[in-house]
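Here is what each chain is made of, one letter per residue.
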Amino acid sequence: FLQRLGADEVEIGGIMAAQPLGAILAWPFVGRATDVCGRRVVILAGCATFFVAIVLYLQIRSLGPFVYIVRLLDGIAATMWYAALITHAADLAYLAAQRRTEGLAIFGASGLATIGLGAVFGDWILAHAGYRTLFLGALVCVTLGLFLCWQLRDVGIGAGPGARPSRGILSAATQPNLRPVWYAAFAFFVAMATLFFFVKSFI
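Residues numbered from 1 in each chain as written. Predicted model: local features only at pLDDT ≥ 70, side-chain atom pairs only at ≥ 80, totals over all residues. Heavy atoms only, no water.

Time to look at helix H5 (residues 131-150). Here H5 spans 28 Å end to end across 20 residues, near enough to the 28 Å set by a 1.5 Å rise per residue. Looking at H5, one finds that the buried residues are Phe-135, Leu-139, Val-142 and Cys-149. Looking straight down H5, one finds that the buried residues subtend no more than 95 degrees of arc, so they occupy a single side. Away from its buried face by more than 90 degrees, H5 exposes Val-140, Cys-141 and Phe-147. (Helix = DSSP H or I, 4+ residues; strand = E, 2+ residues; numbered from the N terminus. Expected span 1.5 Å × (residues − 1). Buried < 20%, exposed > 50% of the residue type's maximum accessible area, 1.4 Å probe, protein only. Arc of directions from axis to C-beta.)

Below, the structure is given as structure tokens:
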């Protein structure tokens, strides 16, 4: 899509990087909102924000600052629904202690499965139509997701109106026994993002 608009590989890399930048900038605020407002509110707000982002993708006709803004918004939306959904999954797994690992593994596998299905459906759509149809298909999917997430209910594990996190993000980030988790996550996501963004160009 970006190549058709005239972007070279360097500019495509910058535009793609705007999405995770938006996610990073939003993450501390999203985490606090998820604790204070409840998981469901943030999940629904993330779905709605993603809906807006896809509508804005449909408005892109040329390269420029607007493309970067849409990508930033996409990253903010992804952070909202991903962080809140995985926290909701952890809450549910907490209630079923004997199946906690299984529950989180199913949640993780469902995310990976949809990435695979999304790629297959995207290629199928592009083989028969264009990028506008692809974005319209994404709009249908996010609308369905919003409807399904509307059915969710917070399960009350330290979340909801009136809840106040006892510590800030800096405190958690510097907690000694959590540092190995941060290092491992950093290494994992750098490797995953590198593959995600560059394998297609390599092939």
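Here the focus is a nonpolar patch on the surface. The grouping of Leu-195, Val-199, Phe-202 and Ile-203 at the surface amounts to a nonpolar patch, some 510 Å² of accessible area in total. Structurally, Ile-203 can be placed in the segment after helix H7 (179-202). (Patch = residues over 30% accessible without salt bridge, like charges linked within 9 Å, V, L, I, M, F, W, Y side chains within 5 Å. Areas by Shrake-Rupley, 256 points an atom, 1.4 Å probe, with all protein chains shown as cover. Salt bridge = Lys/Arg side-chain N within 4 Å of Asp/Glu carboxyl O.)

Along an α-helix, residues three or four positions apart point the same way, because every turn accommodates 3.6 residues. Over its 19 residues, helix H2 (residues 39-57) runs 27 Å from end to end, which matches the ideal 27 Å to within 8%, given 1.5 Å per residue. The complete set of buried residues in H2 reads Arg-39, Arg-40, Val-42, Ile-43, Leu-44, Gly-46, Cys-47, Thr-49, Ala-53, Ile-54 and Tyr-57. Looking at the buried side of H2, the elements it contacts are helix H1 (9-37), helix H3 (65-95) and H5. (Contact = heavy atoms within 4.5 Å.)

This paragraph deals with the packing of H2 against H3. The contact between H2 and H3 brings their axes to 8 Å, and the two run at 155 degrees. In this view, H2 runs roughly antiparallel relative to H3, as classed from their interaxial angle. Seen from above, H2 lies across H3 with left-handed handedness. The residue inventory of the contact of H2 with H3, partitioned by class, reads 17 nonpolar, four polar and four charged. (Axes fitted to C-alpha atoms, helices over the stretch in contact; angles between N-to-C directions. Parallel < 35°, antiparallel > 145°, perpendicular 65-115°, else oblique. Left-handed = near helix turned anticlockwise from the far one by under 90°. Nonpolar A, V, L, I, M, F, W, Y, C, P; charged D, E, K, R; others polar.)

This structure, assessed with the given rule, holds five aromatic pairs. Geometrically, the ring pair formed by Phe-1 and Tyr-131 is tilted, given 5.5 Å between the ring centres and 50 degrees between the ring planes. Of this pair, Phe-1 sits in the segment before H1 while Tyr-131 sits in helix H5, and the two are 130 residues apart along the sequence. With a centroid separation of 5.3 Å and an interplanar angle of 85 degrees, the aromatic rings of Phe-1 and Phe-135 are classed as edge-to-face. Highlighted residues: Phe-1 in the segment before H1 and Phe-135 in helix H5, separated in sequence by 134 residues. (Phe/Tyr/Trp six-rings, centres within 6.5 Å; stacked < 30°, edge-to-face > 60°.)

On average, residues of the protein carry a pLDDT of 85, and 93% of them reach 70 or more. Mean pLDDT in the protein bottoms out at helix H6 (residues 169-173), which sits at 74, and peaks at H2, which reaches 93. (pLDDT = per-residue confidence, 0-100.)

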